[in-house]
Amino acid sequence: MMGTKIIGKLALFSTTALMTANMAYAQDAATVATEEAEASIVVTGSRIQGAQINDVLPVTVLDEQQIENTGASSGDELFRSLPQNGSIAFNEQNATTQNNVRGDVGSVNLRDLGTGNTLLLINGRRMNLHPGFQTELLVPVVSPDTNEIAPGSVRRIEVLRDGASAIYGADAVAGVINTVLKGNLKGGFLEGDWRASDGTSLYSYSVSGGLGFDFGGGRGNLTVYGGRFHENGLGSLGRDYSRDDDRTRLLVGTDFEGEASFNNRNTFGPFGQFDIQTSPNSRTPINDDDFYLQPSTFTGCRMDFRNGICARNGETPTTAVRYNTIFGNSLISRKDRYNAMALLNYELTDSVEAYFEGSYYRSENQRFNDASAILSAVPVGISRNAYWNPFGPTTLVGGGVNPNRLPGTTIPTTGADVIMERYRFVDGGNRSVLVDKDAYRLVAGLRGNFGAWDFDTGFVYSESKLTDLETNRVSLTAMQQSINRTTSDAYNPFNGGCVDDPGQGDCTPNPTAVFDTFRIDVSRKGGTSLALADFKVSRDDLIVLPGGNVGVATGIEWRRETFFDDRDPRLDGTITFTDSVTGVFNGSDVAGTSPSPDTDGSRTVYSAFAELFVPVVSADMNIPLVEEFNVQMAGRVERFEDIDATAAVPRVAASWTTIPGVTFRGAWSQGFRAPNLAQVNDDGTTRSNTRDDFVVCQAQVRKGLLSSLDACPGAGVISFRSGARSLKPEDSESINLGIVLEPKFIPGLTLTADYWRVKQAELVGTFGDDNAIALDLLRRLGGSTNPNVIRAAPTVDEIALFTGTGLAPAGKIVQVLDPYLNLDSRVSKGWDFGMAYNVPDFGAGKFRLRLNAARLNSFVQSASADGEELLAGIASGKLPADVTVGGLGELLEIDGRPKWRVSGSINWETGPVEIGLFGQYTGKVWDTSVVRDILLVSDDPNANFYRVNDQFLTNLSVSYTIKNDAGLDGTRFRFAINNLFDKAPPLADETYGFYSELYTARGRVFHFELREKF
């Protein structure tokens, strides 16, 4: 945040410019550009129409040919092809829980600065946000949905690779991406496209068309588009790396052969884990109150449960009995997209034009996720009188001998209650997730000129609504009632699964009629809206200086954003669960999902900006080594009513052409990003996570019950997260320095190199419940506690455990308070390199080369005060070495953020034939979830993590266009192969075996297209 004086100056600057402009206008220059390389580059970073400031700005432009080279069938695939785009958090492989954004959705994340820090525009005005949010670094993030943009409707993508908050407003910290739609068509087209993934059953097809015509004597044009896309989907069995949570078979012959980290089969399966509520433990042959079921052929059996199943003592099932949670899941979902669009413009007078944009988008998405399971923090009580309780009474409630009570125990004849602590309802089948979304956008405005001034004023209204319906979920209340029935129609959780492979399905399912008694659907509905009105004016010749014309632009904007997140009554507190055996209350009645309150909010924002372009030196002035010197200055004031905050930011940029063809450029700017509506309006969300209670485990280590903290078994911990209107906007400072080379001796060649640095402060985040527990241990070692870790009073057993350890007795963790706060800071640095070369015609056809490379140099996350306290405790040795603090320090290549991302293309065209070759490279990263079982001694802090390989993909396309002045004139046939060499995504310890934020599972895709123009 800047001081009051600067805010006042910028406000005065904007107001003065508005008064000077009177009632004039500036067409939004983000939508003004010439086509192809023989004309000048787009000025996305300026709102001054006609200002010659192209070389000042680090802008990347993808025209129709480059968009086609990417082979993208969706907006998500298109924007992923940008090397400057980082990890894509919103994607279908990452959408595994009810609390994630799910369905057919994509996002953007320029520079990896965080989802929500990139401003997406359509024809120069911002997009509405996608309904729903998900956590990124433990905080809810939001983004526009890139899949709302159909690649076939796009004329050009413009990427300003620099902070642009001063010009465009909040969300432009990392940069701006503007999508220019195809308008002013004269004629029409029909296009059909069919794709198939090699070696799988996955296919897709799309049909689209458009028509445009002039009317009113050429004063107006109407262009309409429409299309449908369908993809049939692919199950997890379709790829070797995604068929099983246990991927150790894929590491044979590597340095990580046999490493347990790649076996992610889950401890929650049809072979449940239970706790007998009886004392002493010796009442059963298990000799422990905690046990889990397994096939009788496995070692460690202590008690026969009949039918090939036995009980083994312990709280955590061994690897062999764990479940493959992606069994029956979807790798790629089934989806349908529908879109329609109309673009209208009409010249009311010779100097004023009216325009209208209208669009509608619908997506329908279905995928299958793993079967429902209970949460470790929400165990379920099984009554001693439950029909299938193996430790029930000797006599049934209705009379007669209990056939299900197991012999060989000294449990009282009245029976014992049992707590079900781990269980997955595999016999109910996989969950089906159905996500439907509808979005529309309306834009209306006037543009033109009054005298020397240009103006543009418009109004935008956009709205999106989404329904996420998940079937085959489990009601905790109804399920417990079913289990605790005293008749044979009760649900039996003690019958295990498949004895040959406990991880695949359930070979002893309960009857469907029994499961149906507690089978439920769970819904989540969301919506967002954006209303925006703006007025902008500009002229490129305010005054004339020796160096050229001074340009000016200024404008005001009002916008209102709203959102709502309506959770199912079984999640929002309307229908809750109280355990009938233990009496424990839980705010959610859905097995496996933490309670989530309904949330909604709105925001009104007022802003004003001013921009000035000053050509200080021109070639006509004949100054040695200064062919040209231009300066851009801008400032913006933005007021957020909901958080009562005002931000003001400046921007200064300059370019210096030393000799013709050699230009240096640079920019300095400040930026801001207001906390999103989900962060501000979250009144309190609980999440259940498996965490290590370092305090209890440290006592066990000192008592010799655990070998080290690394062996801490983990337990369910409830984390309470909440937002606050006291959150402040995040601040940023950006520097961009570059060079542009256009050598005269190689006509048609442009080379660029830009260094960038972004410093972010007051980042909204949470400390993290695992860090809070570690801090609780550190402070307890010093005689105090962390008040954010709320514990129950220690029991007699817990007091006995802590006796003699030097630690004060600590009870079980009830809750960890983890509110959203302005915590950390971050500094990111990198380079961008570009090449554009239109090869001069030498008689062999038309050649065109493009290269875009992004090199991330560093990504350093600094700690908050509590984080520094933790790091100091580790460095001093006060905390055991097994305690680590993640997400701090140098994060380059850590769980994403590769050093290099590159894309390039070569196009050759002669007559009716065109051949395109496109390549895309993604560098190596470290997967920190995989740590060597036997640690290496190395100065490299990442040496013991798994190295995820890099990847280079190649697309090849060949097209032929009929040119015969007959009925088929203009018809084009195109054949393409995406991922020509069928490269699989590099293996990683992720849900489906690869980083879905960086890679795709589609493999080699054959692509046939037919296009007819008329």
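See the structure shown above.
These figures come from a predicted structure and were not determined experimentally.

Student: Could you clarify how one ought to interpret helix H5 (residues 476–483) in this entry?
Tutor: Spacing of three or four residues puts side chains on the same side of an α-helix, whose turn is 3.6 residues. Most of H5 sits inside the fold, with six of its eight residues counted as buried. Of the residues making up H5, those classed as buried are Leu476, Ala478, Met479, Gln480, Ser482 and Ile483. Buried-residue contacts for H5 involve strand S19 (380–382), strand S20 (418–422), strand S22 (453–474), helix H6 (512–515), strand S25 (577–578) and strand S26 (585–586).

Student: Explain the layout of surface pockets here, please?
Tutor: In this approach, a probe sized like a water molecule rolls over the atoms, and the result shows the empty space that is left. Counted as a void, the second largest pocket has a volume near 2,000 Å³. Elements represented by at least two residues in the lining of the second largest pocket include exactly strand S12 (273–276), S19, S20, S26, helix H8 (694–702), strand S32 (715–721), helix H10 (796–802) and strand S36 (813–817). With four residues, S32 is the largest single contributor of residues to the lining of the second largest pocket. Looking at side-chain class alone, the lining of the second largest pocket contains 23 nonpolar, 14 polar and twelve charged residues.

Student: Looking at this model, I keep getting lost on the nonpolar core. Mind explaining?
Tutor: Buried together is how nonpolar side chains tend to be arranged in soluble globular proteins. Grouped together as the largest cluster of nonpolar side chains are 40 residues, with contacts concentrated most on Phe291, Leu293, Phe305, Phe391, Met420, Phe425 and Met479. At the level of secondary structure, the elements contributing two or more residues to this core comprise S12, strand S13 (290–295), strand S15 (309–313), S19, S20, H5 and H6. Broken down by element, this core gets its largest block of residues, four residues, from H5. Those residues in contact with Phe425 that sit more than four places away from it in its chain are Ala371, Ser372, Ala373, Ile374, Met420, Val474, Met479, Tyr491, Phe515, Phe518 and Ala591. Ranked by size, the runner-up nonpolar core spans 33 residues in total, among them Leu78, Tyr225, Val758 and Leu856.

Student: Explanation requested: the pairing of strand S38 (residues 846–862) in the structure shown.
Tutor: Along any regular strand, the residues point their side chains to alternate faces of the sheet. Bridge count for strand S37 (residues 821–838) against S38 is 14 bridges, and the pairing is antiparallel. Following the sheet pairing, Asn838 is matched in S38 by Arg848. Note: S38 against strand S39 (residues 889–890), two bridges, orientation antiparallel. Its bridge partner lying in S39, Gln861 is registered against Gly889.

Student: I'm lost on the packing of aromatic side chains in this one. Help?
Tutor: Aromatic ring pairs are defined here through the distance separating the ring centres and the angle between the ring planes. Per the stated rule, a full pass over the model turns up 30 aromatic pairs. For the pair Trp656 and Phe664, a centre-to-centre distance of 5.7 Å together with 35° between the ring planes defines the contact as tilted. Of the residues examined, Trp656 reaches a relative accessible area of 34% and is grouped as partly exposed. Between Arg447 and the ring centre of Tyr355, over which it is positioned, the NZ or CZ distance is 4.3 Å. We note Arg524 situated over the ring of Phe133; from NZ or CZ to the ring centre the distance is 5.2 Å.

Student: Got a minute to help me understand the state of the cysteines in this structure?
Tutor: By definition, a disulfide links two cysteine residues through a covalent bond between their sulfur atoms. Throughout the structure, instances matching the rule amount to three disulfides. Two residues share a disulfide in this structure: Cys301 and Cys310, whose sulfurs sit 2.0 Å from each other. Judged by the torsion about the S-S bond (-60°), the Cys301/Cys310 disulfide is left-handed. A sulfur-sulfur distance of 1.9 Å marks the disulfide that ties Cys697 to Cys712. Its torsion about the S-S bond being 65°, the disulfide of Cys697 and Cys712 is classed as right-handed. Taken together, the positions of Cys697 in helix H8 and Cys712 in the loop between H8 and S32 put the pair 15 residues apart, joining distant regions of the chain. Here Cys697 and Cys712 have matching classes, each one buried. If one numbers only the bonded cysteines of the protein chain, in the order they occur, the disulfide pattern is 1-2, 3-4, 5-6.

Student: Quick question: what am I supposed to make of the packing of helix H9 (residues 769–781) against helix H11 (residues 865–875) here?
Tutor: The description of two helices packed together rests on the angle between their axes and the distance between the axes. Orientation of H9 relative to H11, taken along the N-to-C sense of each, is 60°, at an axis distance of 10 Å. Judged by the angle between their axes, H9 and H11 are oblique. Crossing angle aside, the handedness with which H9 passes H11 is left-handed. Each of Asn771, Ala774, Leu775, Leu778 and Arg779 in H9 lies in contact with H11, whose residues at this interface are Asp866, Glu869, Leu870 and Gly873.

Student: Looking at this model, I keep getting lost on unusual backbone geometry. Mind explaining?
Tutor: Note: most peptide bonds trans; most residues except glycine with negative phi. Note that the residue after Ser279, namely Pro280, is joined by a cis bond; omega there is 0°. Within the secondary structure, Pro280 sits in the loop between S12 and S13. At Glu893, a position not held by glycine, the phi torsion is positive, near 65°. With respect to the secondary-structure elements, Glu893 resides in the loop between S39 and strand S40 (900–910). With a phi angle near 60°, Asn979 is a residue other than glycine that sits in the positive phi range. Looking at the element boundaries, Asn979 is found in the loop between strand S45 (972–978) and strand S46 (1005–1013).

Rules of the game
- Residues numbered from 1 in each chain as written.
- Predicted model: local features only at pLDDT ≥ 70, side-chain atom pairs only at ≥ 80, totals over all residues.
- Heavy atoms only, no water.
- Buried < 20%, exposed > 50% of the residue type's maximum accessible area, 1.4 Å probe, protein only.
- Helix = DSSP H or I, 4+ residues; strand = E, 2+ residues; numbered from the N terminus.
- Contact = heavy atoms within 4.5 Å.
- 1 Å grid on protein atoms, 1.4 Å probe; cavity = no way out; pocket = protein on both sides within 12 Å on 5 of 7 lines; lining within 4 Å.
- Points joined across faces, edges and corners; volume = space filled by probe spheres on them.
- Nonpolar A, V, L, I, M, F, W, Y, C, P; charged D, E, K, R; others polar.
- Core = buried A, V, L, I, M, F, W, Y, C linked by side-chain atoms within 4.5 Å.
- Pairing = 2+ DSSP bridges.
- Phe/Tyr/Trp six-rings, centres within 6.5 Å; stacked < 30°, edge-to-face > 60°.
- Lys NZ or Arg CZ within 6 Å of the ring centre and 35° of its normal.
- Disulfide = S-S within 2.5 Å.
- Axes fitted to C-alpha atoms, helices over the stretch in contact; angles between N-to-C directions.
- Parallel < 35°, antiparallel > 145°, perpendicular 65-115°, else oblique.
- Left-handed = near helix turned anticlockwise from the far one by under 90°.

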